[in-house]
Amino acid sequence: MSWNSRVERVAPFRVMSLLEAAQAREAVGHDVIHLEVGEPDFATPAPVVAAGQAALTAGHTRYTPAAGLPALREAIAGHYSKHFGAEVDPARVLITPGASGALLLASQLLVGPGDRVLMADPNYPCNRHFMALAGAEVDAVPVGTESGWQLDADLVARHWRDDTRLAMLASPSNPTGHMLDAEQLAGVAAAVAARGGQLLVDEIYQGLCYDLEPLSVASVTPDAFVVNSFSKYFGMTGWRLGWLLAPADAVEPLTRLAQNVFLAAPTPAQHAALAAFTPECREVLESRRVELGRRRDALLAGLARLGLAPSLPPQGAFYLWLDISRYSRDSQAFCRRLLEEENVAITPGIDFALAGGEHHVRIAFTTGIARLEEAVSRLERFLARG
């Protein structure tokens, strides 16, 4: 049987099969250190859980408006004002089932067959795949330390074509953890606007910053589309809740899309998320950010001892992007062997990079420092065997 040809452009997310293999090893008694999946070992903050339980008890299980619970849209707008100095009309915020729901809406609105999209390579693979499912062609621009692992204004100018419709950024990025500062964001926004295009920014890891202050493109321009999520900084992965910040004239067609694609985001999760913006919850979230920073530094120190630390440390998110070309040009085989021989699970770079993914891996510092140090010891033993 034949399927829609666009589906064939969606590659498998290989980390999921590696996770399955790691879990299978655990099931038969192996001590596996999980550094492969982007989900820290923190539970959802207690205030959020309590709010979710209260919502269920109160019977908040019916549909909300397609664009989301008004109180939550207002809370998110207030979050932009308080923490980023961006005045955002709550009407411009659409609540979605995870950031994936926001990406789906944005891709369907902004691009179609014959359109081209610029984004950095490496990048989160689903960003490419959502654009492919909309029928667009992705121009994945190889980036490295010279541009801070980001798509900058110069790269936008050099790679923009007559049929390019959209540029997509991610800051902090997955898999590299690098960020654009306000001047760089403004430069990209200006370069895109000068060419009559649209700008979409993935800010899913916003808030998880260690060397720079958190920043939103919303404080730079009101014309960008912004994808965000309650999964990463707010620790609500399984609640499946995100949002899309859009220019005012895009809200009506996006709402129509939401009505037809998913109707509304999960109601109990929306009520629970209201507690994420309380001072009590913020204190918990900030303590976790500090802990992730300590984990990053411990892992960098261990990898430096092995000569593997990146020359440009990540400024945010919870990943390290490592060049393993001294040891392998097959990142998938490297990760498979490391799991089988030392029970350490990391992610092959080919999941994220079309160019150079074969000799890179991503390590998530999502577990405690003692386990990270044990993982480095196991990695050292693995590398010594050649």
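Please refer to the structure placed before this passage.
Given the structure is predicted, the values throughout are model-derived calculations rather than measurements.

Draft legend 1. Region of the structure containing the sheet that holds strand β11 (residues 347–348). Strand order in the open sheet made by the 3 strands is β9-β12-β11, with antiparallel pairing throughout. A single partner strand is all that each edge strand has here, and the edge strands are β9 (319–323) and β11. Bridging between β11 and strand β12 (residues 360–364) involves 2 bridges; their strand directions are antiparallel. If you follow Thr347 over to β12, its bridge partner there is Arg362.

Draft legend 2. Summary view of the environment of Leu254. Relative to the elements of secondary structure, Leu254 occurs in helix α8 (residues 251–261). Leu254 sits in the buried class, given a relative accessible area of 0%. Sequence-wise, Leu254 and Ala102 are 152 residues apart; in three dimensions their C-alpha atoms are separated by 9.6 Å. Not counting residues up to four positions away in its chain, the partners in contact with Leu254 are Leu94, Leu105, Ala106, Leu109, Phe225, Leu244 and Ala246.

Draft legend 3. Structural detail: the pattern of salt bridges. Under the definition given, this model contains 20 salt bridges. Between Asp154 and Arg158 there is a salt bridge, and its shortest N-O distance comes to 2.9 Å. Taken together, the residues Asp154 and Arg158, both in helix α6 (residues 153–159) and 4 residues apart, mark about one turn of the helix. In the salt-bridge network here, residues are joined through shared partners; they are Arg337, Glu341, Glu342, Arg381 and Arg385.

Draft legend 4. Spatial organisation of helix α12 (residues 369–385). For α12, spanning 17 residues, the distance from its first C-alpha to its last is 25 Å, which sits close to the expected 24 Å at 1.5 Å a residue. Those residues of α12 lying buried are Leu372, Ala375, Val376, Arg378, Leu379, Phe382 and Leu383. Down the axis, α12 shows its buried residues gathered within 170° of arc, on one side only. Opposite the packed face of α12, turned more than 90 degrees from it, sit the exposed residues Ala370 and Ala384. If you follow the buried residues of α12, they end up packed against β1 (33–34), α10 (279–305), α11 (331–342) and β10 (344–345). Two residues or fewer after α12 comes Gly386, characterised by a positive phi angle close to 75°.

Draft legend 5. Broad picture of the nonpolar core. Membership of the largest hydrophobic core comes to 118 residues, with the highest contact counts inside it found for Tyr80, Met131, Leu199, Leu200, Phe230, Ile346 and Leu379. Excluding anything up to four places from it in sequence, Met131 contacts Ser107, Val111, Val117, Met119, Ala136, Val138, Leu166, Met168 and Leu200.

Draft legend 6. Inspection of the sheet that holds strand β2 (residues 93–96) at higher detail. If you walk across this open sheet you meet the 7 strands as β2-β8-β7-β6-β5-β3-β4, and the pairing is mixed. In this open sheet, the two edge strands, each paired with only one partner strand, are β2 and β4 (137–142). Within this sheet the neighbouring strands show an average axis-to-axis angle of 20°, counted without direction. Taken together, the 3 bridges between strand β6 (residues 198–202) and strand β7 (residues 225–229) define a ladder with parallel strand orientation. Following the sheet pairing, Asp202 is matched in β7 by Val227. Along the sheet face, helix α3 (residues 70–84) touches β2, β7 and β8 (242–245) and points at about 120° away from the line of β2. On the sheet, helix α7 (residues 182–194) packs against β5 (164–170) and β6 and is oriented at approximately 150° with respect to β6.

Draft legend 7. Quick look at α3. The terminal C-alpha atoms of α3 lie 21 Å apart, and with 15 residues this matches the ideal 21 Å at 1.5 Å per residue to within 8%. Of the positions making up α3, those classed as buried are Leu72, Arg73, Ile76, Ala77, His79, Tyr80 and Phe84. When α3 is viewed along its axis, its buried side chains cluster within an angular range of 145° and face the same direction. Structurally, α3 contributes buried residues whose contacts are with β2, β7, β8, α9 (267–273) and α10. One or two positions beyond α3, positive phi appears at Gly85, with a value near 65°.

Draft legend 8. Looking closely at the side chain of His359. Looking at the element boundaries, His359 is found in the loop between β11 and β12. The buried category is assigned to His359, whose relative accessible area is 16%. Filtering out sequence-adjacent residues up to four positions away, His359 remains in contact with Leu322, Asp323, Ile324, Ser325, Ser328 and Arg329.

Draft legend 9. How the structure looks around the packing of aromatic side chains. A complete count under the given rule lists 13 aromatic pairs for this structure. Between the aromatic rings of Phe230 and Phe234, the centroid separation amounts to 5.2 Å while the plane-to-plane angle is 50°, which identifies the pairing as tilted. Taken as a pair, Phe230 and Phe234 share a single burial class, namely buried. With a centroid separation of 5.5 Å and an interplanar angle of 65°, the aromatic rings of Phe234 and Phe277 are classed as edge-to-face. Separated by 43 residues along the polypeptide, Phe234 in the loop between β7 and β8 and Phe277 in the loop between α9 and α10 bring together distant segments of the chain. Of the residues examined, Phe234 reaches a relative accessible area of 4% and is grouped as buried. Looking at Phe277, the relative accessible area reads 21%, which means it is partly exposed. Aromatic rings pair up to connect Tyr80, Phe84, Phe230, Tyr233, Phe234, Trp243 and Phe277 into one cluster.

Draft legend 10. Structural view of the side chain of Glu291. Within the fold, Glu291 resides in helix α10. Among the polar contacts made by the side chain of Glu291, one reaches the side chain of Arg294 at a distance of 3.0 Å. If we skip the residues at most four places from it in the chain, Glu291 touches Phe42 and Ile369.

Thresholds, definitions, all that
Each chain carries its own residue numbering, running from 1 in the written order of its sequence. Owing to the predicted nature of the model, reporting of local features is limited to residues with pLDDT of at least 70; listing and counting of side-chain atom pairs is limited to 80 or more, with chain, interface and lining totals taken over all residues. Side-chain measures here rest on the full set of heavy atoms in the structure, leaving out hydrogens and waters. In this description, strands pair whenever DSSP reports at least two bridges between them. A run of H or I in DSSP becomes a helix once it reaches four residues, and a run of E becomes a strand once it reaches two; helices and strands are each numbered from the N terminus. Burial status follows relative accessibility: with a 1.4 Å probe on protein chains alone, a residue under 20% of its type maximum counts as buried, one over 50% as exposed, and anything between as partly exposed. In what follows, residue pairs with any heavy atoms lying within 4.5 Å of each other are defined as contacts. Salt bridges are defined by distance alone: a side-chain nitrogen of Lys or Arg within 4 Å of a carboxyl oxygen of Asp or Glu. In this analysis, the expected span of each helix is defined as 1.5 Å times one less than the number of residues it contains. What the arc describes is the spread of directions from the helix axis to the C-beta atoms. To define a nonpolar core, start from buried Ala, Val, Leu, Ile, Met, Phe, Trp, Tyr and Cys residues and group those joined through side-chain atoms within 4.5 Å. Between N-to-C directions, angles cover 0 to 180 degrees, with each direction set by a line fitted to C-alpha atoms, over the stretch in contact for helices. Here the aromatic set is Phe, Tyr and Trp, taking the six-membered ring for Trp, and pairing holds for ring centres within 6.5 Å; pairs whose planes are under 30 degrees apart are stacked, those over 60 apart are edge-to-face, and all others are tilted. Within 3.5 Å is the distance limit for a polar contact, defined as a pair of N or O atoms, with the added protein rule that one can donate a hydrogen and the other accept it, and that residues adjacent in sequence qualify only through two side-chain atoms.

Purely spatial values, then, with no claim about function.
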